[in-house]
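Working through the structure, step by step
As a plain string of letters, each chain reads:
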Amino acid sequence: MEVLKYIVSGEKPSSENQQVNDLEKVVSKIKKRPEVTKKYMQQWDRERHLVMDTKKDDALEIIRFGREDGTPDEKTRKRLETKFKLNSSTIDELFAQVDAEELEANTK
C-alpha cells in the first residue's frame, strides 16, 4: 500500500520501505537522463500551445459574439484581458483577425 501511495502522490512513507526506496532510485536515475528531460519539455511545450490555442479560439468567439451583439470593442478587450490574461498585442491580433473575417464576408 505504501508503494501505491508513493506512486500516486510522490509522498515517501515515514517508516523505511525498501520497495519505495528502490523505486525512488529508479525514478531519480531516469529523470536525470537528458532525453527524458527533453521529452518532458517538448510535451510541456505542446500542452502550453494547446492551452493558448484554445484560449485564442475562445477569445475569437467572444469578439465575434460581442460584435454581433453590439458590445463595444473596449468592453470586450477588458473581458479578454481579465478572463484570458491576454496581452494587448495578442488581443490586437485577434481583433484584426475578426476584422479581416468581416471584411471578407462583406466582399462576397
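Since this is a predicted model, take the numbers as computed values, not measurements.

What counts, and where the lines are drawn
Residues numbered from 1 in each chain as written. Predicted model: local features only at pLDDT ≥ 70, side-chain atom pairs only at ≥ 80, totals over all residues. Heavy atoms only, no water. pLDDT = per-residue confidence, 0-100. Helix = DSSP H or I, 4+ residues; strand = E, 2+ residues; numbered from the N terminus. Salt bridge = Lys/Arg side-chain N within 4 Å of Asp/Glu carboxyl O. Buried < 20%, exposed > 50% of the residue type's maximum accessible area, 1.4 Å probe, protein only.

A word on the confidence of the model for the protein chain. Across the protein chain, pLDDT averages 91, with 100% of residues at or above 70. Within the protein chain, helix H5 (residues 88-106) carries the highest mean pLDDT (96), whereas helix H1 (residues 2-9) carries the lowest (83).

Tallied over the entire structure, the rule returns ten salt bridges. Where Lys 12 meets Glu 24, a salt bridge forms, and the shortest distance between an N and an O atom there is 2.9 Å. Here Glu 24 lies in helix H2 (residues 18-31) and Lys 12 lies in the loop between H1 and H2, a separation of twelve residues in the sequence. By relative accessible area, Lys 12 is classed as partly exposed at 39%. For Glu 24, a relative accessible area of 26% translates into the label partly exposed. When the shortest N-O distance is used, the salt bridge between Asp 45 and Arg 48 registers 2.8 Å. Of this pair, Asp 45 and Arg 48 both sit in helix H3 (residues 34-69), three residues apart, which is roughly one turn of the helix. A relative accessible area of 43% places Arg 48 in the partly exposed class. One network of salt bridges, in which partners are shared, links Arg 67, Asp 73, Asp 99 and Glu 102.

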